[in-house]
Amino acid sequence: MKIICIGRNYARHIEELQNERPEEPVIFIKPDTALVPKGNPLFLPDFSNNVHYETELVLKIGRTGKAIPPHKAREYYRSIGLGLDITARDLQKKLKEKGLPWEKAKAFDFSAVVSREFIPVSDFKDINNIDFSLQINGKTVQEGSSSRMLWKFDELVSYISRFFTLRVGDLIFTGTPEGVGRLERDMILEGFIGDKSMFKIRVK
Ligand code: MN
């Protein structure tokens, strides 16, 4: 399986990192070795001094597809979870400045936390209005809603599938809202969709 991530999908996060607003979705991929195994803590890598959390809604692909039109996209993801796109921000800044690919800063081992549970799409009243949040040590640090995404789920699935065949089990990280920040050892991160706790993980 692969993890496809969308960058710059929330206006206020684009502003906080002083990035340009893209004309098309920004895409990068993490390999399956990026996944933190279930039950493991989040180990910080030794090659960065500024590792950030980014809390994101995650689509799980339930059907193989390529060149999926937007109006058919809903048939290809059946459930939605929550994840953390862990980013070595210092390294990413260097790579960006040089116009180099982001992989070392974004796709390293244990750079993807994903909730154990995924919620069926049919359980949501409106998937384009899903609230989610991240607490660190019990304090809310990020709050987002899928209503504020620049590109909605169906548009993302359609766009991605023009370039990459989507397979059953692939995950799509749909971008982070504002409020990203630095991770420190011993922080406890807990992610929520609405009031429902989706993951709880300690930083090591
Ligand atoms: Mn991200």
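Located above this text is the structure these notes cover.
Below is a summary of the structure that appears in this document. (Residues numbered from 1 in each chain as written. Predicted model: local features only at pLDDT ≥ 70, side-chain atom pairs only at ≥ 80, totals over all residues. Heavy atoms only, no water.)

The next point concerns the sheet that holds strand E9 (residues 131–136). The strand order across the open sheet formed by four strands is E10-E9-E13-E14, and the pairing between neighbours is antiparallel. The open sheet is flanked by strand E10 (139–145) and strand E14 (196–202), the only strands paired with a single partner. Each adjacent strand pair in this sheet contributes to an overall mean axis angle of 15°, direction not counted. Across six bridges, E9 lies against E10 in antiparallel orientation. (Pairing = 2+ DSSP bridges. Helix = DSSP H or I, 4+ residues; strand = E, 2+ residues; numbered from the N terminus. Axes fitted to C-alpha atoms, helices over the stretch in contact; angles between N-to-C directions.)

Across the sheet, which stays open at both edges, the three strands sit in the order E6-E3-E12 with antiparallel pairing between neighbours. Unpaired on one side and paired on the other, strand E6 (87–88) and strand E12 (181–182) mark the two borders of the sheet. In terms of strand pairing, strand E3 (residues 51–53) meets E6 through two bridges, oriented antiparallel. Directly across from Val-51, in E6, lies its bridge partner Ala-88.

Moving on to the environment of Thr-176. Positionally, Thr-176 belongs in the loop between strand E11 (171–173) and E12. Its relative accessible area of 2% is what places Thr-176 among the buried residues. Between the C-alpha atoms of Thr-176 and Asn-9, which are 167 residues apart in sequence, the distance is 6.9 Å. (Buried < 20%, exposed > 50% of the residue type's maximum accessible area, 1.4 Å probe, protein only.)

With that settled, the discussion passes to helix H4 (residues 153–163). The buried fraction of H4 is high, at eight of 11 residues. If you follow the buried residues of H4, they end up packed against strand E1 (3–7), strand E2 (26–30), strand E4 (55–61), strand E5 (77–85) and E11. (Contact = heavy atoms within 4.5 Å.)

Right, let's get into the coordination of the manganese ion. Bound to the manganese ion on the protein side are Glu-54 (OE), Glu-56 (OE) and Asp-85 (OD), at distances that span 2.0 to 2.1 Å. Site description for the manganese ion: donor spacing in sequence, E-x1-E-x28-D. Of this pair, Glu-54 sits in the loop between E3 and E4 while Asp-85 sits in strand E5, placing them 31 residues apart in sequence. The burial state of Glu-54 is the same as that of Asp-85; both residues are buried. (Donors = N, O, S within 2.8 Å, 3.2 Å for Na, K, Ca; no water.)

Tallying each qualifying case throughout the model produces six aromatic pairs. A ring pair is formed by Phe-28 and Trp-102, whose centres lie 5.6 Å apart and whose planes are at 55°; its orientation type is tilted. With Phe-28 in strand E2 and Trp-102 in the loop between helix H2 (89–98) and helix H3 (103–106), this pair connects stretches of sequence that are 74 residues apart. Neither Phe-28 nor Trp-102 differs from the other in exposure class; each is buried. An aromatic cluster is built from Tyr-159, Phe-163 and Phe-164, whose rings are joined through pairwise contacts. Between Lys-60 and the ring centre of Phe-118, over which it is positioned, the NZ or CZ distance is 4.4 Å. Its end group placed over the ring of Tyr-76, Arg-63 keeps NZ or CZ at 4.8 Å from the ring centre. (Phe/Tyr/Trp six-rings, centres within 6.5 Å; stacked < 30°, edge-to-face > 60°. Lys NZ or Arg CZ within 6 Å of the ring centre and 35° of its normal.)

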